[in-house]
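What the coordinates show
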Amino acid sequence: MFFNLREWRVPIPKRLLWIFCLFCATSLYAQTFSIPQKQATLREIFDAIHEQTGAYFSLSDEGILFKQPIPAGFKDMPLKVFLNERLPAYGLTYSFDPDDRRIILLRRKKGGRMARPENPGGLRRIEGIVMRSKPASGETEFLAGISVQIKGTDRSTMTDTLGGFFFTDVPADATLVVTAINMEKMEIAVTDSQIIIIRMNEKVLTLDTTVVNDGYKKRRRVTTTGSYNVVSGSLLERSTGSDALARTENLIPGVLDNHGSQAADKSSLPEGKVIHGRGTILADGNPLVIVDDFPYDGLLSSINPDDIESITILKDAAATAIWGARAGNGAIVITTKKGTSDRPRWDIHTSYSIQPRPDLWYAGSISSPDYIELEKYLYGKGYYDQNFSGTTNYAPVTPVIALLRAASQGLITAAEANARIEAMKGVDVRKDVKKYMYRNSLARQVSVQVSGKTSKLNYFGSAGWDDNTGNLVGLGYKRFTGRAQVTDTVSKRLQVYGGMSYTGSWNINGNNPGMDFQSGHGGKSFYPYYRLVDNTGRPRPFLGDYSPDYLRQTASIGFLPWTDDPVRDIREEKNTLSIQDHVLDLGLRYRLSRDLNLDLKYKVERQTTRGDDFHSDSSYLARDLINGYTQVDPVTGLLSYPIPPGGIRDLQNQVLTSQQGRIQFSYHKSRGDLHDVSILGGGEGRSMVTTASSSRLYGVHGKDAATNLDDSSLFMPYMFGEARQIPVMGGHSKQIDHFLSAYLDGTYTLRDRYLFSASGRVDAANLFGAETNAKGTPLWSVGGAWKLSKEEFFKVDWLSRLTLRASRGTAGNISRKSTAFTTVSSQANGITGMGYPTASIATLPNDRLRWELVRITNVGVDFATKQDILSGTVEYYQKRSTDLMAKVFTDPTFGGAPNPGERAFSYKNVAMTQGEGMDAELISHNFRGRLKWTTHFIFSYAVSRVTGYSLPNGLGKDYLASNLPNPVLNKPLYAVYSYKWQGLDPQTGDPRGISPDGKPSTAWAAINDSTPLAGMVYHGSAEPTVFGALRNEFALGAFSLSFNISYKFNYYFRKPALRYDNLLNTWTGPDSYARRWQKPGDEKVTSVPSLNYTAPERDRFYAYSAVNVARADNIRLEDVNLSYEKKDFTWRGIHCQDLVVFVYCSNLGPLWTANKDGINPYFVGVARDGKRWSIGLRASIF
Amino acid sequence: MCRAIYTYSFLFLFLFWCSCNKITFLNTKPNTSLHVPSTPQDCQALLDDDWVMNGYGNSGYPYLPELSGDDLYLEDADYNKSALVDQETYIWRQQIDMGDALSDWDLPYKAVATSNTVLAILGKIPSSYQTATWNGLKGSALFYRAYAFFELARVFAPVYDSTTAGTDSGIPLPQSADINQKASRATVQQTYDQILGDLRQAEGLLPKDSVWLPTRPSPAAVYALLSRVFLSVGNYVLAGRYADSCLQLKHELMLYDTVSKTKIFPFYRTNPEMIFCAAYFPGGPAAPFRSHTDSNLFRSYEQNDLRKQLFFKYGDYFVGSYDQDGYRFGGLAVDEVLLTRSECYARAGNTAAAMADLNHLLETRWAAGTFIPYTAVDAGDALRQILMERRKQLLFRGTRWADLRRLNKDSRTAVTLSRTINGAVYTLSPKDPRWTLPLPGYILKFNPDMPQNIR
């Protein structure tokens, strides 16, 4: 049948009207068809052929011929006979391409003569058509502007808009040479067929053909000197998930994605992408993110990955210098999709992912029998006596302790107490937590896009919907994204474009911390034998803040119920964070002359964040706060409520408005192969205003507005506790960022072999309160490339391409930590509320303030073997950062002390770091036949160390947090240090460190507090220094399979350690308790110290000792994608150009870990996420 | 071509316009709540920062003297859970580990830095604008600086002794907020000269007729502080004279009978006796309900003495701060000035005047109609009674330690302190060098040439 006749309109060419149709298989050629009617239009005949043989036709218009009936009445007419004998009568002809097993049907222009060889002497006229199959859709496309040359002569021509070309007087034995950018060069012998069909193949994607977008200009990778990597949209589609950047993990060399390796102090390395090593200490270390030519200020989660055409990573100075002062950490340029096909094209993407509950047993907590036995033992030792005496007699205790206490008071018999305690040993709280607080998470994603282009208009529109439910009950995320872009070519000179996008996302949370539950005041976690619900399924209270006695007493005099039922409480909080993001893009491009273009661009973005955290009146938080302040009149016994009973609502509002404008000239001039000059320059301005406010309402009933209490009075809680003020939460802030920049960037190519590039940029910002002329900073880069393989002397046969590149330049970074003048922050009223404005010194003056400077040197080699069987890039870089802002402690005698217990400090440009590294990317096409096998290998080596920092190194204890920058000369910024370990004392099982005179020591407090940094064990970097991935892709027929294996080497982490003080105070701890030292000799098999519950310093020493540091190296199977692709078929009247169905699985866990404790370094001491399974579908419909 | 020229000129003009606006654009404040102070209004706002200047919020004036003194005692349990610095201070250890930061040092110097910043800004304001407002601001800044210096001197500098003051090490006296300078200790003589100099200058600058606010300096506050400073250096003549000057301006006393007894903290910051409010750091055991009142002191209040009800709750926990909301008052109030004048009368031998002042105060502290005026046989007897009442009235005011230091100079009034904690007994005799606290160790690290106090 015919399809899309109306949509597929192409301009009618002057010379030829090509009509083509494709037959699916050679067998078609021999098939027959019948048409009983005597008369039929060609259209009816084609319909019949399609129905009977499966062949189908695409037509450019319904020409007169098709409407006029022609003689028919075929019976079992062989297709071949029809094509050969009947078609010519109607001015139609066809061609058969045996290699491709296709038949091409063509119609000559009226009056055109048939192209039969008429000159037997050999010279004749030939005609041809150049086409290709689009890689994504399989759709056939005529290629215009392709150079066709008769080999060995200077006769050449270009194909016209529909791919057609002709030569006259061509010798019969001539060969045509067809060349095009991004296409494999073809040589074709002239045959005697009427029309020469030339089907070009896209060059296999290599670095050579990649187009990079640095946010100012798109250019071919080979015309640049910088270090770029591109992740195409189709590669992004390989994985699932709402976050686009997360999908690029393990796809780009030199880019490190840190994963939360939870240290013993429950903190993790800053997550995010690190490009070519960290070049700053305190300033924002994240790369600059650019979306559609402008830095993006909103949340990156607002961008639907399905809308992304490609992501370009800018790594070296030649690439980033154009972004100037904010690209010191590299830049990530996201380009959204545009219309590409002539016909309206609909794309539908949908996926459905499921992730089972996390593994709560993985982290390993102390068992119920162990904990109960420990409690019984300690109760016997009198450890809990303090809980029943003096002012602390309302402290919460676990049920076992309460039973033991009741038994010793004679309230119940010892036998009963024991029986009930024994019964608890069989309880495992994790079963309940898993059942009632966790669930399988689901993620549903669907997006629809429509796009297309005509000679005037290019349009793209999309809508996407994400609906995720989290692993924790009550947690959900929904997102709507909408985007529309139009580019209108108004005239030959003028092109205007406009774009709009809207993203709304809603994050919904209940009060469900899962296994991380901690009681409000006591900081108690679930004891191992806690049951969340009783036998009838009703939530049971968790008494982690107050003793049952206290709750009974308060209840008896009329306080609100004061128990915390974690399961019930999940639904008593509704925390909604909604983010609305609107972006408007406007721009125009004006061709000033043939070589010079002017671009004007403007973008405005407004992101509104609204948080509404409502704790209902039955939520524990509300009841606890109200009760905590309830006053009892000593005379009348009446209760009064400083906090009005009701719900509590915390509101926050943030509005970010950013405006950016750019004016840019670009000049490009090419003189054949000899010179090629490309220059762009311009200026841009940027303003970003962020306002934020927050408030808390008390006494909320339903939707009614309620009071925002502002009472600074102190209230004594009933019976015990310290006097307190009602927490007043609220604030208002406004931040304004202004930037002005001017830039110039040029590339000169000589004879397509020698490339020179240079760029410069001046940035200024309203940063420092400094003199205007000190606000700016000039940044520059120079680069060069030499395409060695183009030289005549280059005679290495097996290497088809070899390019050497080098670049050097500067980038910058900003930090708002410091100001050049004394600045003050103002408040409307002082704390004593005397009714006048106050101001306090916010920063002390730093008159030597400047931008951070990053100098980057990069050298690289790009190469490809013949036919790109193996291609790749190897790069080496050095990154020197100077003037880095660092914290410097100052003498508080001159002010500057922040708060009690905090040291006075200021920030100064004092530090230096130096990094170096190597990236390699290798692509190998192992098989290119029916079975296609491609291997991508990426390798990165990145180290960075501090080379200058004037702070005294101080004590070892200041360097234990490996998730914070630990600047030490000649060491990485994020490093793991520990106390020296001398094993357990064979007599006592005490952990032993080392005393200053080198002997084993148990003076833990002294070791913890006074070990100098030099006396600590330095293990190494907390970030991997060698990392990369290996991705294999197989394709066989319609099926393809790919999997990615990643590796991260040479880094360290701290294992979770048993701390007896935490074990007793938080009511839970690691299961290594079972492996503690118990008798002499145990020290040979364990490093877990013996039971000692009175020595927090001993616990601290052990937790931070060398025995608890391990190598984090690991190799993981990241993900597997299996997909089935069907092209070009019709289903229920819908023609689908491309349909992909896939199964994707990620978070598959490590294949190998260096540590022998079975710890997955991505999940240290926390529950381990389950494998994530996705199924999905992508369809392109024309 | 013509069109191109127009286009280019337009663009040139546009860029020119941009560059003209560049300066305003780049001078925009990055954060609206931050700005560079330059005006008298800014100075007033800085001085009104009660968080720093009056010791509210998280900051505060020294509390370690309170912990060292004999107004309070700690139970073993409270002692054991206290921070190391509080423990070591409480038992007068020879060396006190003050950690990396100590509010007693850092926060008064923060007030000094703010005062110095204000003085620097005022110095840049042209003299034609140096009006009464300007005078008032300068006087206030000088007062705050003197107040902070004096708070520091009575903790970290040895008690004033005219024979050795020229050589004894006092405290650093920074005169500007430049963080790159090096600190050095002035002598005790220079320290007190600075304090008294600042105050006498302030006396002439502060307006006499402005509206009084408890957080702002006033002439009465200058006199009260001068009286306090002279009392601490043992100059009873001038102490009495300035106390009298103060009382000329401000002399109202509360009738304790009319104060509500149901509130946990019965007094208000704006109470009639308030002259200048300032709080000491309510940290550690200095926080309400963390430490007990000295038992002998607690027992010494008589039945009809309303202070027993108003000053103590939940047993012997002190709640009688002249401030509110649980802040510990350490500022200047009429009761202290009256007791100072009374003491100075007694020391001058004027028993009648001394007892008149004392009875005038006590009458207001007792239940109406129950007070029988005290009598004294001689000036010495009067002094003994006045010092006892001073202790009973001014407990937990941060002044007891300074009083003990000066009283120890005289063997008749010297006191030996003693504590028992975890079964161990600690004593501090009058001549002990430990009556001066050590400088924080980290300050000496910044300034290696600075001498430490000998203890």
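1. Considering the overall build of chain B
Summing up its helical and strand segments, chain B has 18 helices and 13 strands in all. Considering only C-alpha atoms, chain B reaches an extent of 110 × 50 × 50 Å along its principal axes. As displayed, chain B offers around 17,900 Å² of accessible surface, 56% of which is attributable to carbon and sulfur atoms. Mean positive and mean negative side-chain charge positions of chain B (45 and 46 charges, respectively) differ by 3 Å.

2. Comments concerning the overall build of chain A
In terms of regular secondary structure, chain A is built from 17 helices and 60 strands. Per-residue burial over chain A gives 54% buried out of 1182 residues. Pairs at least 24 residues apart make up 71% of the contacts formed inside chain A by residues separated by at least 6 positions. Total accessible area on chain A is roughly 49,900 Å²; 56% of this is exposed by carbon and sulfur atoms.

3. As for the packing of aromatic side chains
Tallying each qualifying case throughout the model produces 68 aromatic pairs over all chains. When the centroid spacing of 6.3 Å and the interplanar angle of 20° are considered together, the rings of A:W981 and A:F1101 count as stacked. A residue pair is termed long-range when its members are at least 10 positions apart, and A:W981 in the loop between β49 (975-978) and β50 (993-994) and A:F1101 in helix α17 (residues 1096-1103) qualify at 120 residues. For A:F1101, a relative accessible area of 0% corresponds to the buried category. Centroid distance B:F265 to B:F289: 6.1 Å. Interplanar angle 50°. Geometry classified as tilted. Remark: B:F289 occurs in the loop between β6 (279-280) and β7 (292-293) and B:F265 occurs in the loop between α11 (236-249) and β5 (274-276); sequence separation between them is 24 residues. Each member of the aromatic cluster is reached from another via a ring pair, and the members are B:Y256, B:F267, B:F298, B:Y301, B:F311, B:F312, B:F318, B:Y322, B:F329 and B:F396.

4. What to know about the sheet that holds strand β23 (residues 294-295) of chain A
Residue and element names in this part refer to chain A. Within the open sheet, the five strands sit side by side as β19-β24-β25-β22-β23. Their pairing is mixed. Since the sheet does not close on itself, it has two edges, and those belong to β19 (228-232) and β23, each with one partner. As defined by bridge partners, strand β24 (residues 308-314) adjoins strand β25 (residues 331-336) across six bridges and the pair is classed as antiparallel. Directly across from I308, in β25, lies its bridge partner T336.

5. Details of the pattern of salt bridges
Summed over the entire model, instances satisfying the criterion amount to 75 salt bridges over all chains. Linking A:R761 and A:E684 is a salt bridge whose minimum nitrogen-to-oxygen distance equals 3.0 Å. Linking A:R761 in strand β40 (residues 754-765) with A:E684 in strand β36 (residues 675-700), this pair joins segments that are 77 residues apart in sequence. An identical accessibility class is assigned to A:R761 and A:E684; each is buried. When salt bridges with common partners are traced through the structure, they connect B:D70, B:D71, B:D294, B:R391 and B:R400 into a single cluster.

6. Some points on the nonpolar core
Counting residues in each nonpolar core, the largest one holds 143 residues, and the members touching the most others are B:F143, B:F156 and B:I275. Among the elements that make up this core, the one with the highest residue count is helix α8 (residues 132-156) of chain B (15 residues). Apart from the residues within four sequence positions on either side, B:F143 is in contact with B:L199, B:A202, B:P217, B:A221, B:V222, B:L225, B:F276 and B:L332. Core analysis: the next-biggest nonpolar cluster, separate from the first, contains 58 residues, A:A406, A:Y530, A:V567 and A:Y979 among them.

7. Notes on the confidence of the model for chain B
Note: predicted coordinates in regions of low pLDDT should not be interpreted at a detailed level. Taken as a whole, chain B shows an average pLDDT of 89; of its residues, 92% reach a score of 70 or greater. Overall fold confidence (pTM) sits at 0.75, and the ipTM for the predicted complex is 0.89.

8. A closer look at the side chain of A:S1105
All names here are of chain A. Along the polypeptide, S1105 turns up in the loop between α17 and β56 (1109-1111). Using a relative accessible area of 0% as the deciding quantity, one classes S1105 as buried. What S1105 contacts, discounting residues up to four positions off in sequence, is S978, Y979 and W981.

9. Examining the sheet that holds strand β15 (residues 186-189) of chain A
Residues and elements named next belong to chain A. Reading across from one edge, β12-β11-β14-β15 is the order of the four strands in this open sheet, with antiparallel pairing throughout. Edge positions in the sheet fall to β12 (156-158) and β15, since each of these pairs with one other strand and no more. The average undirected angle you get between the axes of adjacent strands in this sheet is 20°. Bridge analysis of strand β11 (residues 147-150) against strand β14 (residues 175-179) gives four bridges, and the strand direction is antiparallel. The partner of S147 across the bridge, within β14, is T179.

10. With respect to the packing of α8(B) against helix α9 (residues 188-205) of chain B
Residues and elements named next belong to chain B. The contact between α8 and α9 brings their axes to 8 Å, and the two run at 155°. With respect to α9, the element α8 is oriented roughly antiparallel. The two elements α8 and α9 meet at a crossing, and its hand is left-handed. Contacts from N135, G136, K138, G139, L142, F143, R145, A146, F149, F150 and A153 in α8 reach T191, Y192, Q194, I195, D198, L199, Q201, A202 and L205 in α9. Residues of the contact of α8 with α9, tallied by class, amount to 11 nonpolar, six polar and three charged.

11. Some words on the state of the cysteines
In this structure the tally under the stated criterion is zero disulfides over all chains. Distance from the sulfur of B:C277, which forms no disulfide, to the nearest cysteine sulfur (B:C246) is 15 Å.

12. Section: unusual backbone geometry
Within the chain, A:W1067 stands out as a residue other than glycine whose phi angle is a positive 70°. Here A:W1067 is to be found in the loop between α16 (1060-1065) and α17. Assessed through its relative accessible area of 4%, A:W1067 is described here as buried. A positive phi is found at B:F396, a non-glycine position, where the angle reads about 55°. Within the fold, B:F396 resides in the loop between α16 (379-393) and α17 (400-407). Residue class for B:F396 comes out buried when judged on its relative accessible area of 2%.

13. Digging into the side chain of A:H276
Residues and elements named next belong to chain A. Inspection of the secondary structure puts H276 in the loop between β21 (272-275) and β22 (288-291). Look at H276 and you get buried, because its relative accessible area is 2%. Contacts of H276, omitting those with residues within four sequence positions, involve S227, G254, K315, N858, E875, Y877, K879 and D919.

14. Thoughts on the packing of helix α7 (residues 368-380) of chain A against helix α9 (residues 414-424) of chain A
Following both chains from N to C, one finds α7(A) and α9(A) inclined at 145°, their axes separated by 9 Å at the closest point. On α9(A), the residues touching A:S368, A:I372, A:E373 and A:K376 of α7(A) are A:N418, A:I421, A:E422 and A:M424.

15. Let's talk about a nonpolar patch on the surface
All names here are of chain A. Nonpolar side chains collect at one region of the surface, where Y352, I354, F1039, L1041, L1122, Y1124, V1141, V1143, W1173, I1175 and L1177 lie side by side and expose about 920 Å² of accessible area between them. Residue assignment for the nonpolar patch shows that the elements contributing at least two residues are β26 (345-355), β54 (1039-1049), β57 (1114-1131), β58 (1134-1146) and β60 (1172-1181). Looking at which element gives the most residues to the nonpolar patch, the answer is β60, with three residues. Take F1039: it is sitting in strand β54. F1039 gets classed as partly exposed once you look at its relative accessible area, which sits at 48%.

16. Concerning the pairing of strand β27 (residues 441-453) of chain A
Residue and element names in this part refer to chain A. With 11 bridges joining them, β26 and β27 adopt antiparallel strand pairing. The partner of S351 across the bridge, within β27, is Q445. In this sheet, strand β28 (residues 457-469) lies alongside β27 in antiparallel orientation, the contact comprising 12 bridges. Note on β28: the bridge partner recorded for V450 is G461. Where β27 hands over to β28, the hairpin turn is made up of three residues, counted between the paired strands.

17. Focus: a positive patch on the surface
A surface patch of positive charge is lined by A:K492, A:R493, A:R591 and A:R594. Tracing the sequence through the fold places A:K492 in the loop between β29 (476-489) and β30 (494-509).

18. Some details on the environment of A:V1109
Residue and element names in this part refer to chain A. Here V1109 is to be found in strand β56. Sequence separation between V1109 and F1053 is 56 residues; the distance between their C-alpha atoms is 5.7 Å. Residues in contact with V1109, not counting those within four places in the same chain, are V976, S978, H1019, Y1052, F1053 and R1054.

Calculation criteria
For every chain, the first residue of the written sequence is number 1, and numbering continues from 1 onward in sequence order. All chains are assigned letters beginning at A, and all ligands numbers beginning at 1, according to the order in which they are written. Two thresholds apply to this predicted model, a pLDDT of at least 70 for residue-level local features and 80 or more for giving and counting side-chain atom pairs, whereas whole-chain, interface and lining totals are computed over all residues. Side-chain metrics rest on all non-hydrogen atoms present in the structure, leaving aside hydrogens and water. By definition, any uninterrupted DSSP run of H or I lasting at least four residues is a helix, any uninterrupted run of E lasting at least two residues is a strand, and each is numbered from the N terminus. Values of accessible area rely on a 1.4 Å probe in the Shrake-Rupley scheme; residue burial ignores everything except the protein chains shown. Residues scored as charged are limited to Lys and Arg (positive) and Asp and Glu (negative), so that His and the chain ends carry no count. Lysine's charge is taken at NZ, arginine's at CZ, aspartate's at CG and glutamate's at CD. Note on exposure labels: buried denotes an accessible area under 20% of the residue type's maximum, exposed denotes more than 50%, and partly exposed covers the range between, all computed with a 1.4 Å probe on protein chains only. We call two residues contacting when some pair of their heavy atoms lies within 4.5 Å. We call Phe, Tyr and Trp rings a pair once their centres come within 6.5 Å, taking the six-membered ring for Trp, and we label the pair stacked below 30 degrees between planes, edge-to-face above 60, and tilted otherwise. At least two DSSP bridges between two strands are required for those strands to pair. Within this document, salt bridges are pairs made up of a side-chain nitrogen of Lys or Arg and a carboxyl oxygen of Asp or Glu, the two lying within 4 Å of each other. Residues belong to a common nonpolar core when they are buried Ala, Val, Leu, Ile, Met, Phe, Trp, Tyr or Cys residues joined through side-chain atoms within 4.5 Å. Think of pLDDT as the predictor's per-residue confidence, scored from 0 to 100. Throughout, an axis means a line fitted to C-alpha atoms (over the contacting stretch in the case of helices), and angles, computed between N-to-C directions, take values from 0 to 180 degrees. Relative orientations are named as follows: roughly parallel for angles under 35 degrees, roughly antiparallel for angles over 145 degrees, roughly perpendicular for angles from 65 to 115 degrees, and oblique for any other angle. The handedness criterion is simple: a crossing whose near helix is rotated anticlockwise from the far helix by less than a right angle is left-handed, and one whose near helix is rotated clockwise is right-handed. When residue character is reported, Ala, Val, Leu, Ile, Met, Phe, Trp, Tyr, Cys and Pro are called nonpolar, Asp, Glu, Lys and Arg charged, and the others, Gly included, polar. By disulfide we mean two sulfur atoms from cysteines, separated by a distance within 2.5 Å. Here the term patch refers to residues with relative accessible area over 30% and no salt bridge, with like charges joined within 9 Å and nonpolar side chains (Val, Leu, Ile, Met, Phe, Trp, Tyr) within 5 Å.

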